[in-house]
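Coordinates in review
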Amino acid sequence: MTETVLVTGAFGLVGSATVQRLADDGRSVVATDLDTPAARKAADSLPVGVTVRWADLTDPAAVGALVDEVSPSAVIHLAAVIPPFIYQRRGLAERVNVEATASLVRAAEKLSSPPRFVLASSIAVYGSRNPHTVSGVLTADTPVNPADIYGDHKVQAEKIVRTSALDWVILRLGGVLTV
């Protein structure tokens, strides 16, 4: 049996690159995102063999059904509401960034063979890194000190993952830019 990787936020900037790389590496990939016209258009250009499952991660029942049906060996959780939109829809942002993470973790923990959970976090958990007031290299032991809502959401999501029974990895991504 081929191990399946479930990728949330699969049609975002990081998600689309992740799905492509996993497919290129011969992985069985289930790409999930909101069912929007833009996501449908992006889905048309997915590599052969990638399965698309539309899901609203703010619906815990939908998340539970998705994880149960896919039964992934790994979940790569990339879905997030980021700035500046986060400031326009704060409630939605918290439901996606924090509560959906909790729903995914709970659903994954219920599987007979729980998956590895990869959370895309952010260096925003550290807050401002003004080189005139802060020095030193960031490490896994650097205390978090979020300065905005997004950083706070990522701290909360990390705590959910860290306190889970899953095998997990947290990646604190820096700025992600397009060419």
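As a reminder, the structure under discussion sits directly above these lines.
Comments concerning the layout of surface pockets
Approximately 970 Å³ is the volume attributed to the largest pocket. Together, 37 residues line the largest pocket, and Leu 78, Ala 79, Ala 80, Val 81 and Ile 82 are the ones closest to its centre. Residue assignment for the lining of the largest pocket shows that the elements contributing at least two residues are helix H1 (13-24), strand S2 (28-33), helix H2 (37-43), helix H5 (90-110), strand S5 (116-122) and helix H6 (149-162). Classifying every residue of the lining of the largest pocket gives 23 nonpolar, ten polar and four charged.

Details of the packing of aromatic side chains
Scanning the entire structure with this criterion turns up one aromatic pair. With a centroid separation of 5.7 Å and an interplanar angle of 35°, the aromatic rings of Phe 11 and Trp 54 are classed as tilted. Here the residue Phe 11 occupies a position in the loop between strand S1 (4-8) and H1, and Trp 54 occupies one in strand S3 (residues 51-54), the gap between them amounting to 43 residues.

Some words on unusual backbone geometry
Glycine aside, residues mostly have negative phi, and peptide bonds are mostly found in the trans state. Of the consecutive residues Pro 83 and Pro 84, the connecting peptide bond is found in the cis state with omega at 5°. Inspection of the secondary structure assignment puts Pro 84 in the loop between strand S4 (74-77) and helix H4 (85-88). If you check the backbone angles, Ser 71 has positive phi at about 45° while not being a glycine. Note on placement: Ser 71 falls in the loop between helix H3 (60-70) and S4.

Things to note about the packing of H5 against H6
Between H5 and H6, the shortest axis-to-axis distance is 9 Å and the interhelical angle comes to 15°. Taken together, the axes of H5 and H6 lie roughly parallel to each other. Crossing of H5 against H6: the hand is right-handed. Within the contact between the two elements, H5 uses Arg 90, Ala 93, Glu 94, Asn 97, Val 98, Thr 101, Ala 102 and Val 105 and H6 uses Ile 149, Tyr 150, His 153, Gln 156, Ala 157, Ile 160 and Val 161. Classifying every residue of the contact of H5 with H6 by side-chain character gives nine nonpolar, four polar and two charged.

Observations concerning the environment of Gly 175
Checked against the element boundaries, Gly 175 lands in the segment after strand S6 (167-173). In sequence terms Gly 175 and Ile 123 are 52 residues apart; their C-alpha atoms lie 8.4 Å from each other.

Thoughts on the pairing of S3
In the sheet, S2 pairs with S3 via four bridges, with the strands oriented parallel. In the sheet register, Thr 32 faces S3, and the bridge partner there is Arg 53. On the question of chirality, the crossover connecting S2 to the parallel S3 by way of H2 is right-handed.

So, the packing of H3 against H5
The geometry of a pair of packed helices is captured by two quantities: the angle between their axes and the separation between those axes. The N-to-C vectors of H3 and H5 enclose an angle of 40°; their axes lie 9 Å apart at closest approach. Viewed along their axes, H3 and H5 adopt a mutual orientation that is oblique. Read as a crossing pair, H3 and H5 show a hand that is right-handed. Along its contact with H3, which presents Pro 60, Val 63, Gly 64 and Val 67, the element H5 presents Ser 103, Leu 104, Ala 107 and Ala 108. Residue classes in the contact of H3 with H5 are distributed as six nonpolar, two polar and no charged.

Here's the deal with the side chain of Ser 122
Turning to its location among the elements, Ser 122 is positioned in strand S5. Its relative accessible area of 8% is what places Ser 122 among the buried residues. Reaching out from Ser 122, the side chain makes a polar contact with the backbone nitrogen of Ala 124 at a distance of 2.9 Å. Not counting the four nearest positions on each side in its chain, Ser 122 is found in contact with Tyr 150, Lys 154, Leu 171, Arg 172 and Leu 173.

Scoring rules and cut-offs
Residues numbered from 1 in each chain as written. Predicted model: local features only at pLDDT ≥ 70, side-chain atom pairs only at ≥ 80, totals over all residues. Heavy atoms only, no water. 1 Å grid on protein atoms, 1.4 Å probe; cavity = no way out; pocket = protein on both sides within 12 Å on 5 of 7 lines; lining within 4 Å. Points joined across faces, edges and corners; volume = space filled by probe spheres on them. Helix = DSSP H or I, 4+ residues; strand = E, 2+ residues; numbered from the N terminus. Nonpolar A, V, L, I, M, F, W, Y, C, P; charged D, E, K, R; others polar. Phe/Tyr/Trp six-rings, centres within 6.5 Å; stacked < 30°, edge-to-face > 60°. Axes fitted to C-alpha atoms, helices over the stretch in contact; angles between N-to-C directions. Parallel < 35°, antiparallel > 145°, perpendicular 65-115°, else oblique. Left-handed = near helix turned anticlockwise from the far one by under 90°. Contact = heavy atoms within 4.5 Å. Pairing = 2+ DSSP bridges. Right-handed = clockwise from strand over helix to strand, strands pointing away. Buried < 20%, exposed > 50% of the residue type's maximum accessible area, 1.4 Å probe, protein only. Polar contact = N/O pair within 3.5 Å; in protein donor to acceptor, adjacent residues only side chain to side chain.

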